Every structure is written in C-alpha cells, then in structure tokens.
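Structural overview for review
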2 protein chains.
Amino acid sequence: MNALNVAEYMQSLGVQARQASARMSGASAAQKNAVLRAIAARLRSSGAALQAENAKDIERATAAGLAAPMVDRLKLTPKILDTLAEGCEQLAAMPDIVGEISGMTQQPSGIRVGRMRVPLGVFGMIFESRPNVTIEAASLSIKSGNACILRGGSEAIESNKALARLVREALVEGGLPEDAVQLVQTTDREAVGQLITMPQFVDVVIPRGGKGLIERISRDAKVPVIKHLDGNCHVYVDDPCDLDMAVAVTDNAKTQKYSPCNAAEGLLVAEGVAAQFLPRIGAVFAAKGVEMRCDARAKALLATVAGAQVVDATEQDWAEEYLAPVIAIKVVDGLDAAIEHINRYGSHHTDAILTRDHVHAQRFLREVDSASVMVNASTRFADGFEFGLGAEIGISTDKFHARGPVGLEGLTSLKWVVLGQGELRR
Amino acid sequence: MNALNVAEYMQSLGVQARQASARMSGASAAQKNAVLRAIAARLRSSGAALQAENAKDIERATAAGLAAPMVDRLKLTPKILDTLAEGCEQLAAMPDIVGEISGMTQQPSGIRVGRMRVPLGVFGMIFESRPNVTIEAASLSIKSGNACILRGGSEAIESNKALARLVREALVEGGLPEDAVQLVQTTDREAVGQLITMPQFVDVVIPRGGKGLIERISRDAKVPVIKHLDGNCHVYVDDPCDLDMAVAVTDNAKTQKYSPCNAAEGLLVAEGVAAQFLPRIGAVFAAKGVEMRCDARAKALLATVAGAQVVDATEQDWAEEYLAPVIAIKVVDGLDAAIEHINRYGSHHTDAILTRDHVHAQRFLREVDSASVMVNASTRFADGFEFGLGAEIGISTDKFHARGPVGLEGLTSLKWVVLGQGELRR
C-alpha cells in the first residue's frame, strides 16, 4: 500500500468501526457474554491451527535474528491460549456495567437526574509483539460495548490475524457485527499515524510498548490517549515503622520482578530508622545482586554490608526507571522531604509509605500526586487484577478521565439521564 | 509585551499556579469555605469600588461603539454582585468532595482498595466579555482545591482585575496562596496560545465563548479541553404521547430563551401523532414569531396554521444551531428514524423524547449518543444548577472525562488508594 491507500484503508476501518459501535452499545449483556464464551471455546478447540499460524511468526523472527526473549514473547503456547480462554470466561461471568444508572435524585424542579454508564464508542489499540493483547483488547472491547481497531506489531502479524479471525467468527455467531473488532491488516507504519488522527472515527487510543512509541503517539495524536510513560515508583520507609514488614515489602516491591512498571525504583528512608533499616535491606539486595545508587547518608550506612554494590547516585538516578536490579536510595529527614522528593522526581504512577503513624499515612495518601498511593503494601499491587477490576487494558499516569489501572470502566463514560413528567424550565 | 515576554510571563504564571495548587490540594474544607465567605463579604462591601473600575470598561466599550447588548453583558450591577456573592456562599455551604474515598473493598490478597477524589491541579479558563466568570471560575477553583489561571476578554479587563484582586485578598486573609487564582494581566492574544500549550503547568483548559474561539483552542491545545461547540438539541414527539404535555414542553424547549445552548433547534414528530400535534405547536410558534423550516410532510400539516412562517428545510437546517426564533421540523416514521436523525445531525449535547411508551423511553435513553438524554422534560434543564451540581464551570459534549454540565466533580479526578498490612505480591 502507498500512503494514500493506507489513509483510505484506515478511514474505511473507521467508518466500519463507528457503525459497529452503534450496534455494540445496544447489545444485551447475554449476547456479549455468549460471544466471549464462544471466543474461549474457539481458543481451546483451535489450538493446532493457531499454533500453525504462530509458527510462521516465530520462524520469521528467528530467521531475522530476533533475541530469544523477544521470540519467547511471540509464542502462543497451549498454556497461554488456555489463560486467554479463561480470561474471556471470567469477563463473561462479570456483571455488565453498561446501562447502569447511578445517583438518580429528584431536583427541586421535579425532574429526576442521574447518570448512565455507556461505552466510549471506538478505541484504537497500538501494541508490540505479544499477540495475547489481540484477545485481551478484543474481549474487553466486547464486554464494554465498544468497537476497537487493533494495530499489533509486525513480528506477530500472522498470529494476530488468526486470533482476530477467530474473534470475528464468534461475533458473527453471536449475532453481533464482526467489525466490532478489526485488526489493521497492513504492517505499514503510516497506519498508526492515521489511526491516531481520526477523531471522527476513534474516541481514544491506548498505546502499549516502548517509551519512544508512546511519546510519539502522545505528541501526534488528535484524540485522547490513555497511557503511562514511566513507572518510577517509590517506597518510603517512615519513622515509626515495623522494620520486619518494611524489609519484606521493600524487597517484594523491588525484586519480585524487575521489569514491570510498578516495581520500585526508588527507596526513601526516614533518618530515624535508617541506621537500623538500611543494613538489613542492604543485605537482602546484596544477596540478590541489586545495585544500590545512594546519597551520602545512605552510602555511609550501607558501607559495612558484605557484598553490597553501593555507588554514588547522580541527580539523574532520582528520576530513573531502571527495570533492572538497580535501586536509588536516599535518607530523608522525614515525611515532608519524602513527599516533596516523590512529587518532584516520581512519574505519578505508584508510591507507597511503610509506616505505623496514622497521621503520616493520611498525609501521604492525600499529598502524593500519583495514580496509586499505598500504605504498608508493595507497589507491585498496582494492577487491574489485583485492584479487582477483573481485567486491565492499560495504566494511566494522567489525571484526565481514567487514572491508574484501566479496566472496563475506563472504556465507558457517564451520560446524564433526566426523567420528567412534563416539567418546564422557569 | 512582545511575544517572548508574553511567553515568559505566562510561564511564570504557570510556575506560580503549580506551586499554589500543591498547597490548595491539601487545604481543609473549613479554610476554603472561609475564603469563599470572605469573597462574598467583599463583593457586598466593595460595590462602589468595583463599579468604578467597571465604569472604565463600560466607557471604553461605549466609546468604541460596542453594541448595546454587548455593553450590557459587561455591567457589574448591584444585583449581579449580589448574585455572585450568593453563589460563593452557596458553594461554601456545599459538602467538600476533595479527599472523599469511595468503593473501598478488600481484595483476595488482603489489601483494601478504593478511590480518593483529588483536585485536577491547575486549570486555565478562557472567556469573553462577562466579568462574572472571574468570580464563578475562581470560587469553583477554590472549592475544588485547584489553582486556576483566568484569561478574560480585553473589553472587561479593568473589571476582571478588580475582581481578581478581591479574590486574592480573600485568599491571603484565609491563609491560602494568592496565586491559587491568577488573572492574565495582558490582553495580548499570544497569552492564550501560551496558556493552552503548557502541559507542564496546566492540566486542562476550559474555553467559553464563540464557536470560532473554541475550535481554534481545541485544534491548537496541547492539554485536554473541556468544551462544547454546538447545542443542536432535539425534541422528539413520540407516538403515543400526551399531546398537551408535548405542546407545553416543546414550546418551553424552544421559546423560553432562544440564546442558550440547551434550547431546542430541531423538532421531530412521529407520523402517528403529527396530524394532531403539528397544527397545535404550529399555532404556538406562529403566535411567537418562530420560523419553521420543514420537511414536506411537516409543511403539509402546517400549511393551514394562521400566520405560520413555514419554509422548506435544506439539508443544512438539520445540523444548524439557530440560537434564534427558528426551528427545524421533520415528520419521522417512528423511534428508529428519530434516533438515527439525532445521532447523525445532532451535536451530542441534549435531546429529549416526549412519550408514553416505556420501551421507547428506555431505548431513547440508551441509544441517543448525547451528553444529556431526557424523557418528558424540556431540554432547557440541561444545566449544572438544574442537575443539582450547585454550580457549573462549563458544558462538555465530549465523552472523555466530564460529559454534559461540568461542576466541581469535573475539576477533580480519582486516584487509587491501597491500605495494606505488609502484603506482598506473589
């Protein structure tokens, strides 16, 4: 396709999505759930066919010399297909939030006013490598009564096509429009440029991938973007604090997994507990090979820990998302300094205070300007499933519309509903 | 100021607003309410001084040959000042929604998860002529714990300066930062361009004014915009329907005031009731001098109405916002055609069905894709006060974040709050 053809092609997807979304918004809960269960059944029965398509992507990636971990992320193993099927069944079992009316109250004029939850309309999803996202995004889109246009990475194109075909068959079988889920069939990069600049057809785009991709999309998009760029999450160990708990939670927040955006990248320790706490957590980090980038006070307290990799932190370290066995550590005077540091250097993603002090806990929750704020829990809990959303389409560090883990609710909006008996405005 | 100076000046307002917003977000309800009451007291006691400043604007506008209705909109009469003072007192008496925690539930991991309502941060308000907006926006900003940067029209600059000074004095008296409310002191147009492109300092902009201004701002803004462009609102008279009620409500929706964005601009009538209904509403419109732009079926039924101004509607009429004694009228086959017409030509602002049929009412509410959907009530009720919001900062026809009339809640967002007892992610 040339650029002109890509533009026309994307516009046609847009028109079809808009039409499908009108029908999806009126679909019954039973209809949508039947489609989700049909997708699950097909994922379970079509394993061999899906893996045959998936093998094409894997062969191509291997031949192109893609790194082994990247090739791994492409794989649709029986276990992954089963997990995807389970996810669809869980969504089918969840209550339908579309059409829900809340806060209906009578006003002095006599009218009753409330709000109805309705689908946003059409969303665009832009993602890299993992073909799982095709099913995750499609199933959330169906459950929330939206239509979606999916743009996966070129390395997974055959897998994505096979999965999208399966979803569209299930939609048709359930009497819903197949264009409720459309996969962009070209790998031309211009398709993304089109997708994010069609406000007449697309209500929001959700990019998942590297920071560069997301920055570019945010800059160029003419529609709202649900996104997060960085996860520079902090654990602040307050004074007073249960230090056994603090060691366990800090360790979990940093080392349970290094790559997720909700892993801790910064550790702040109140002066009053630093001499007791830092050598203990330092020993844990030393044992796990976590490098510690420290301010002068922290460095002094960690100097005696056997095997610790302690280096001087630079200004840059306070703002860094390592996604690796590295952590920035600073001793602070107390709560005020911790809050100030987090609001200044953090990425407004997830930050936790570990404390025994009730007033400190309340102030931290209120004053730390992040999407998720926690008391005495691991930052690793900032996740749609752990928060009880049942699913997660993305995470937002913006304040407008959805904030933090975004599930079904983030794909809906509230319109006003007025019920009268012929009332007139005076 | 030259362009460079304007840019520097606006950045300095941005820095100050950001700092003030951090303090405002932590301000207690009592402190904010005391400031609101202090503003009310000053509005009541400073009438003469405010009117002296206001007189300068009025003189300048009159000398410049501004039309009388425009000059009228500039005036700060004792009655207007009193209404503004009352508005501040009402806001002070309302519950504070900042810090409110909702939906706190325990998850299988043991953590408790809920959401806390927090201020958005800093908003920019761009408005024309009416200096009232300075007080309305400032008071909503204070109550919601935000900081704001206000950019009023050049014709009201002296009045706006005097009102902003008064607000800032009240803030200082109440121990809150005066920079929580800043008025742009230059009338240079470049200031608007800066205000809407400083995402590091401004979280959302709210323009109020002509469609051209709002389109320009939406196109150029690098921050979210809360806006509506058009109010092409419809009344659909269904079959079956109480026609006495339908005549009264349709009349109210069109003629109670012609200029508001929630006045009806289109009337759709189900075929089954058209022969009875149209001559009746036609007589009302004829008596009030409302021009009727009709499709062929409606025209035929209105032909015999004495004094009726009936003309043929063009395609353009279905999409028009007249804000005048003109209405577009179409006979439709029934509910499906009405919903299709409204979703195609409407502006997603406010639309009403007048009906006796429960199933039709439910379908209209669900399927009409507008910010406010109504059954048996006048479209003129789409208003923050009538909806019980206590105040209104603007109206949004977008689906993202706030939709319809926007009050205090639209100036806040929800962050996630997690309370644990040392839970770890497995």
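Residues numbered from 1 in each chain as written. Chains lettered and ligands numbered in written order. Predicted model: local features only at pLDDT ≥ 70, side-chain atom pairs only at ≥ 80, totals over all residues. Heavy atoms only, no water.

This next bit is on the sheet that holds strand S5 (residues 181-183) of chain A. Residue and element names in this part refer to chain A. If you walk across this open sheet you meet the 4 strands as S5-S4-S3-S6, and the pairing is parallel. Two strands in the sheet have a free side with no partner beyond their single neighbour: S5 and strand S6 (204-207). Looking at each pair of strands side by side, their axes are set apart by 20° on average, direction ignored. Across 3 bridges, strand S4 (residues 147-151) lies against S5 in parallel orientation. Paired with Leu150 across the two strands is Leu183, which belongs to S5. (Pairing = 2+ DSSP bridges. Helix = DSSP H or I, 4+ residues; strand = E, 2+ residues; numbered from the N terminus. Axes fitted to C-alpha atoms, helices over the stretch in contact; angles between N-to-C directions.)

Bringing unusual backbone geometry into the picture now. Residue and element names in this part refer to chain A. Residue Asp239 is joined to Pro240 through a cis peptide bond whose omega torsion reads 10°. Tracing the backbone shows Pro240 in the loop between strand S7 (233-237) and helix H10 (243-255). Unusually for a residue other than glycine, Leu323 sits at a positive phi of about 55°. Along the chain, the position of Leu323 falls in the loop between strand S10 (309-312) and strand S11 (326-332).

The next subject is helix H3 (residues 47-63) of chain A. Residue and element names in this part refer to chain A. Here H3 is 17 residues long and its end C-alpha atoms lie 24 Å apart, about the 24 Å a rise of 1.5 Å per residue gives. Buried within H3 we find Gly47, Leu50, Glu53, Asn54, Asp57, Ile58 and Ala61. Two residues or fewer after H3 comes Gly65, characterised by a positive phi angle close to 80°. (Expected span 1.5 Å × (residues − 1). Buried < 20%, exposed > 50% of the residue type's maximum accessible area, 1.4 Å probe, protein only.)

All names here are of chain A. Per the UniProt record, the feature "domain: Aldehyde dehydrogenase" (unreviewed entry) sits at residues 16-285 and 311-388. With 52% helix and 16% strand, residues 16-285 has end C-alpha atoms that lie 53 Å from one another. Secondary structure content for residues 311-388 is 27% helix and 26% strand, while the C-alpha to C-alpha distance between its ends is 39 Å. (UniProt positions renumbered as here; feature names shortened; annotations may be inferred.)

Here we take up the side chain of Asn252 of chain A. If you trace the backbone, Asn252 of chain A turns up in helix H10. Sequence-distant contacts of Asn252 of chain A, defined by excluding residues within four places in its chain, comprise Ser378 and Arg380 of chain A together with Leu424 and Arg425 of chain B. (Contact = heavy atoms within 4.5 Å.)

Assigned domains of chain A: these are domain 1 (3-226 + 406-417) and domain 2 (233-386). A straight line from the C-alpha centre of domain 1 of chain A to that of domain 2 of chain A covers 36 Å. (Domains from an automatic or database assignment.)

According to the stated counting rule, one finds 2 cavities of 30 Å³ or more in the structure shown. Size it by volume and the largest cavity reaches roughly 50 Å³. Asn232, His234, Glu265, Gly266, Leu267, Leu268, Asp317, Trp318, Ala328 and His341 of chain B are the residues that line the largest cavity. In terms of residue count, the dominant contributor to the lining of the largest cavity is strand S8 (residues 264-270) of chain B (4 residues). When the residues that make up the lining of the largest cavity are grouped by side-chain class, the tally is 4 nonpolar, 4 polar and 2 charged. Its boundaries defined by the atoms lining it, the second largest cavity holds a volume of some 30 Å³. Around the second largest cavity, the lining residues are Arg151, Gly152, Gly153, Ser154, Ile157, Asn160, Leu183, Val184, Thr186 and Thr187 of chain A. (1 Å grid on protein atoms, 1.4 Å probe; cavity = no way out; pocket = protein on both sides within 12 Å on 5 of 7 lines; lining within 4 Å. Points joined across faces, edges and corners; volume = space filled by probe spheres on them. Nonpolar A, V, L, I, M, F, W, Y, C, P; charged D, E, K, R; others polar.)

What follows concerns the sheet that holds strand S11 (residues 326-332) of chain B. The 10 strands are arranged S1(A)-S2(A)-S16(A)-S13(B)-S12(B)-S7(B)-S8(B)-S11(B)-S9(B)-S10(B) in an open sheet whose pairing can be described as mixed. Each end of this open sheet is capped by a strand with a single partner; those strands are strand S1 (101-106) of chain A together with strand S10 (310-312) of chain B. Between one strand axis and the next, the sheet turns through 25° on average, direction left out of account. Packed on one face of the sheet, helix H11 (residues 271-288) of chain B meets strand S7 (233-237), S8, strand S9 (291-294) and S11 of chain B and runs near 145° to S8 of chain B.

What follows is about the relation of the copies chain A and chain B. Of the transformation placing chain A onto chain B, the axial shift is 0.0 Å and the rotation is 180°, giving an RMSD of 0.0 Å. Interpreted geometrically, this transformation is the action of a two-fold axis. Within chain A, the C-alpha atom positioned nearest to the axis of rotation is that of His401 of chain A, 1.9 Å from it. Looking at chain A, 100% of its interface residues are interface residues in chain B too, so the copies touch through the same face. (Least-squares fit on C-alpha atoms with pLDDT ≥ 70 in both.)

Right, let's get into the packing of aromatic side chains. One pass over the full model with this rule turns up 2 aromatic pairs over all chains. With 5.0 Å between their ring centres and 40° between their planes, Phe387 of chain A and Trp416 of chain B make a pair best called tilted. In this pair, Phe387 of chain A sits in the loop between strand S13 (372-377) and strand S14 (394-396) while Trp416 of chain B sits in strand S16 (residues 412-423), so the two residues belong to two different chains. In this pair, the class of Phe387 of chain A matches that of Trp416 of chain B, namely buried. Over the ring of Trp416 of chain A we find Arg115 of chain A, and its NZ or CZ is 4.6 Å from the ring centre. Cation over ring: Lys330 of chain B sits above Trp318 of chain B, and NZ or CZ is 5.3 Å from the ring centre. (Phe/Tyr/Trp six-rings, centres within 6.5 Å; stacked < 30°, edge-to-face > 60°. Lys NZ or Arg CZ within 6 Å of the ring centre and 35° of its normal.)

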